[in-house]
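# Coordinate inspection notes
So you can see what is in the structure, the chains are spelled out below.
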Amino acid sequence: MSAVQSVSGKSPSATPETYDVVVVGAGLAGMYMLHRLRGLKMTARVFEQGDGVGGTWYWNRYPGARCDVESMQYSYSFSDELQQEWDWSERYAPQAEILKYANHVADRFDLRPDIQFNTRVDRCVFDEDTNRWSVTTSDGATVVAAFVVLATGCLSNARMPDIEGISGFKGKVYHTGNWPHEPVDFTGLRVGMIGTGSSAIQSVPVIAEQAKHLTVFQRTANFSIPARNAPLTAEEREIFRKNYPEVRRFAREEARNGIYTELPDRGALDDGDNDRRAKYEARWRHGGLTFMSVYNNLALDKTANDTAADFVREKIAEIVRDPETARLLQPNNHPIGTKRICIDTDYFATFNRPNVMLVDIKSNPFEEILPNAVRTGGKDYEIDALVLATGFDAMTGSVAKIDIRGRNGQTLNQKWAEGPKTYLGLMSAGFPNLFIITGPGSPSVLSNMIVSIEQHVDWISDCIAFMRDRGLDTMEAKKDAEDNWVAHVNEVAHTTLYPQANSWYMGANIPGKPQIFMPYIGGVGPYRQICNDVAAKGYEGFAMTGAERPRKMAAS
Ligand SMILES: Cc1cc2nc3c(=O)[nH]c(=O)nc-3n(C[C@H](O)[C@H](O)[C@H](O)COP(=O)(O)OP(=O)(O)OC[C@H]3O[C@@H](n4cnc5c(N)ncnc54)[C@H](O)[C@@H]3O)c2cc1C
C-alpha cells in the first residue's frame, strides 16, 4: 500500500497505483537508489526496460567488454560487508563478472520485488494541482509518484549510424551497446567494424582472433593505453580491503576523477626530457587510466599535453609494423585525454595480424552499404557480418527519449533544445521533484562513475528525507541558480583543453545535437563539497514548498 495514496483524497480503487518515488532504470544507479529509499521506508517502484539488472553491464555484452577503472575501485562502497566479501577475479573484470556482481547485489539486498522489468517509461507528466508525477509505461499503465528519479544512464542510448543501404545488408548487424545475450560466433566470417572508440578498442583484438578477416573502418583515431590486465591475487585483494576506508575516502574527496592514485605535484614541463620520458614509460608499463595523472597540467596546457600525446604516438609507431597503418592509428586531431582515454589489451598490435585491415573513412567517407560489402573511397570491402561500435547519444539521449512534461506543460526536450540546463546536474528548473543521477552538469562520465552515482544517490536520499521530515511537498531548482551553475560548468570547461575535441562529452558524435561541454570538470571532490554546502544551507538555490495538507510518507 502506497504511502502517498491518501494525499489524493480519492478512493484507492479510482486512483492509479501511487508511490513515494518512481526510479527509471535498474543499472548500478537505480539499484542503489532503491536500496536507499528502502532504508528511508519509502515506497518505490523501479522500471527497467531490460529483463535484468546491471544497465551498462546488461546491454554491453560484446567480446572483450570490461571496465576501465580497476574493479577493486569500480564497485559499490556503501556496504562494507559487500566490498569485503566479493572477490574480483581480474584487475579489470569482464562484463559477465560485473553483471554477476550486479545480480548478486540485487539478491543480497532483496531489490527485485520492487523492480518491474521489461517495462519502459515513456512519459512523465507533472500535475501542478496535486504536485504529483504521472508516469506512463510501455505496458500502457500509469502510476503516480511524489518524486521521479532518472537513473537512465549516461551511456545507455546506443547510437545507430545513418549509412545508406544498411537496412539492405544481408549479413547480421550487431551494435556493441545492444549485444545479443547468446554468444556470437564469427568463426570463418569476414567482419566489418565501424567505429574506433572504447568498445571497438576492446573488441577488435578478440574478434580478430576468431574471424576469418576483420576490416576496421576508422574515422577518428583514439589514444589508448595498455590495460595490463591480469588475474588479481588474494594478497592484492587483501591490500585493497584493508585500506578501503582510505581508498574510498580519497576517491570521494581528493581525487578529481574518483580514482585512488598518487596525485601529481608538478607539470610536464617542470621535468627535463629524460625524466619526463621515464615517467611516461613507467605509467605505460603500469597501464590504465592513471597515465593521465602523471602530471598536473596535461588537461590544461597544450604544450604539456603534446609531450604525453607524442609519447603515445611514438609507442603506436613502435608497435604497428606497417608505417601507413601506424600513421593512421596515431591520433592527431585532439589533445590526449580530451576524449575519454581508452585502455586496451593488444589493440594496436592486432593491426599486425594478416587478417586485420584498417580503412580510413575520414579521407574516404562511406558511400553506402551493399548487401555483402561496405563501399568507401570507390572500393568495396566484402563482409559477412557488421559490428557497429558507434557509441551512444551520451548523457542526454535516454532522458530525451522520455516525454517529460513539467510546469506549464513544458517538455524537458524543449527546455534543453539548445543544450542541457541543470542546477548541479541534479535538477532542472520547471521540473519539480524530478532528480537526475549523474546528469549533465555533474562530474559523471569524467569520473569513476560508481563514486559519482553513490554521491548523487546519497544526496537525493538525504534531500527527500529532509523534505519528508519538514512536511515539504515540492523542491525545484531556481532559475538563477541554474543559470549560474550552467555558466560555471562552461567556464571551468573552457579553462581546460577538453572543448578542443569533437567528443561525445560535447555531443559532437550526434548530428544536430547542440555542442556544449556537458559534464562538470571541476572534480568529484570539489563538486561533492559544493553539493554538501548547498544542502547544509537548507538547499540553497532550490525552492521548496510545503504541502497544503500534511504530507504522509511511509516513514512519517
Ligand atoms: C562498455 C562500457 C564500459 C564502461 N566502463 C566503465 C568503467 O570502467 N568505469 C566507469 O566509471 N564507467 C564505465 N562505464 C560507464 C557506465 O555506464 C557507468 O559506470 C554505470 O554503469 C552507469 O550506471 P547507471 O545505472 O547510471 O546507468 P546504466 O548502467 O546505463 O543503466 C541505466 C538503465 O536504465 C534503463 N533505462 C533507460 N531509459 C529507460 C526508460 N525510459 N525506461 C526504463 N528503463 C530505462 C536502461 O535500460 C539501463 O538498464 C562504461 C560504460 C560502457 C558502455
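These notes cover the structure that comes with them. Please read all numbers here as calculations on a predicted model, not as lab measurements.

Calculation criteria
- Residues numbered from 1 in each chain as written.
- Predicted model: local features only at pLDDT ≥ 70, side-chain atom pairs only at ≥ 80, totals over all residues.
- Heavy atoms only, no water.
- 1 Å grid on protein atoms, 1.4 Å probe; cavity = no way out; pocket = protein on both sides within 12 Å on 5 of 7 lines; lining within 4 Å.
- Points joined across faces, edges and corners; volume = space filled by probe spheres on them.
- Nonpolar A, V, L, I, M, F, W, Y, C, P; charged D, E, K, R; others polar.
- Phe/Tyr/Trp six-rings, centres within 6.5 Å; stacked < 30°, edge-to-face > 60°.
- Helix = DSSP H or I, 4+ residues; strand = E, 2+ residues; numbered from the N terminus.
- Buried < 20%, exposed > 50% of the residue type's maximum accessible area, 1.4 Å probe, protein only.
- Near = heavy atom within 4 Å.
- Polar contact = N/O pair within 3.5 Å; in protein donor to acceptor, adjacent residues only side chain to side chain.
- Areas by Shrake-Rupley, 256 points an atom, 1.4 Å probe, with all protein chains shown as cover.
- Salt bridge = Lys/Arg side-chain N within 4 Å of Asp/Glu carboxyl O.
- Axes fitted to C-alpha atoms, helices over the stretch in contact; angles between N-to-C directions.
- Parallel < 35°, antiparallel > 145°, perpendicular 65-115°, else oblique.
- Contact = heavy atoms within 4.5 Å.
- Expected span 1.5 Å × (residues − 1).
- Bend = angle between axes of the 7 residues up to and from the residue.
- Pairing = 2+ DSSP bridges.

Next up on the list: empty space enclosed by the protein. On inspection of all chains with the given rule, the structure shows five cavities of 30 Å³ or more. In this structure, the largest cavity occupies an estimated 90 Å³ of space. Contributing to the lining of the largest cavity are Pro 420, Lys 421, Thr 422, Pro 440, Gly 441, Trp 485, Val 486, Val 489, Asn 490, Ile 516, Phe 517 and Met 518. Of the residues assigned to the lining of the largest cavity, the class counts are eight nonpolar, three polar and one charged. One number sums up the size of the second largest cavity: a volume of about 40 Å³.

All chains considered together, the criterion is met by 37 aromatic pairs. Their ring planes at 75 degrees and their centres at 6.0 Å tell us that Trp 284 and Phe 311 sit as a pair that is edge-to-face. Within this pair, whereas Trp 284 is found in helix H7 (residues 273-286), its partner Phe 311 is found in helix H8 (residues 302-319), the two being separated by 27 residues in sequence. Of the two residues, Trp 284 and Phe 311, both sit in the buried class. Between Tyr 498 and Tyr 505, the aromatic rings sit 6.0 Å apart at their centres with planes inclined by 50 degrees, giving tilted as the arrangement. An aromatic cluster is present here, built from Tyr 32, Tyr 76, Phe 78, Trp 86, Trp 88, Tyr 101 and Phe 109 joined pairwise through their rings.

Our focus in this paragraph is the site of the ligand. The environment of the ligand is formed by 33 residues, the closest being Glu 48, Thr 56, Asp 68, Tyr 74 and Met 449. The contact in question runs from an oxygen atom of the ligand to an N or O atom on the backbone of Leu 28, over 3.1 Å. Between an oxygen atom of the ligand and a side-chain N or O atom of Gln 49, the distance comes to 3.1 Å. Coverage of the ligand by the protein amounts to 96% of the 980 Å² it exposes when considered alone. Secondary structure elements with two or more residues in the shell around the ligand: helix H1 (28-39), helix H2 (56-59) and helix H13 (449-469). Looking at the shell around the ligand, the element that brings in the most residues is H2, giving three residues.

This paragraph deals with the pattern of salt bridges. Going through the model one piece at a time under the given rule, you end up with 38 salt bridges. As a salt-bridge pair, Asp 458 and Arg 36 come within 2.8 Å of each other at their nearest N and O atoms. With Asp 458 in helix H13 and Arg 36 in helix H1, this residue pair connects regions lying 422 residues apart in the sequence. Looking at Asp 458, the relative accessible area reads 24%, which means it is partly exposed. Two residues, Arg 327 and Glu 324, come together in a salt bridge whose shortest N-O distance is 2.7 Å.

With that settled, the discussion passes to unusual backbone geometry. Within the chain, Asp 110 stands out as a residue other than glycine whose phi angle is a positive 50 degrees. When you line up the elements, Asp 110 lands in the loop between helix H4 (95-108) and strand S3 (115-116). Of note in this structure, Asn 118 is not a glycine but carries a positive phi near 55 degrees. By the element assignment, Asn 118 lies in the loop between S3 and strand S4 (121-127). Asn 118 sits in the exposed class, given a relative accessible area of 55%.

As a further point, take the packing of H13 against helix H15 (residues 524-536). As a packed pair, H13 and H15 sit with axes 11 Å apart at the nearest point and diverge in direction by 0 degrees. Overall, the two elements H13 and H15 adopt an arrangement that is roughly parallel. Residues Val 451, Ser 452, Gln 455, His 456 and Trp 459 of H13 pack against Val 524, Tyr 527, Arg 528, Cys 531, Asn 532, Val 534 and Ala 535 of H15. In terms of residue class, the contact of H13 with H15 is built from seven nonpolar, four polar and one charged.

Its 14 residues place the ends of H4 20 Å apart at the C-alpha level, agreeing with the 20 Å of an ideal helix rising 1.5 Å per residue. Taken together, the buried positions of H4 are Gln 95, Glu 97, Ile 98, Leu 99, Tyr 101, Ala 102, Val 105 and Ala 106. Where H4 ends, the next residue or the one after it, Asp 110, has phi of about 50 degrees, a positive value.

Of the volumes computed, that of the second largest pocket is approximately 790 Å³. As for the second largest pocket, its lining consists of 34 residues, of which Arg 256, Asn 257, Met 292, Ala 299 and Tyr 498 are closest to the centre.

A word on helix H5 (residues 198-210). At 3.6 residues per turn, the α-helix brings residues three or four places apart onto the same side. Along H5, the sharpest change in direction is near 35 degrees and occurs at Val 204; proline Pro 205 comes one to four residues later. Buried residues of H5: Ser 199, Ala 200, Ile 201, Gln 202, Ser 203, Val 204, Pro 205, Ile 207 and Ala 208, and no others.

Okay, the sheet that holds strand S7 (residues 172-175) next. A sheet is described by the order of its strands in space; here five strands give the open sequence S7-S16-S8-S9-S12, paired in parallel fashion. Of all strands in the sheet, those bounded by a partner on one side alone are S7 and strand S12 (356-360). Shown here is a sheet whose adjacent strand axes are inclined to one another by a mean of 20 degrees, direction ignored. Bridge analysis of S7 against strand S16 (residues 385-388) gives four bridges, and the strand direction is parallel. From the neighbouring strand, Val 173 faces S16, where its bridge partner is Leu 386. The strands that H5 touches are strand S8 (190-194), strand S9 (213-218), S12 and S16; relative to S8, the one it contacts most, it runs at about 175 degrees.

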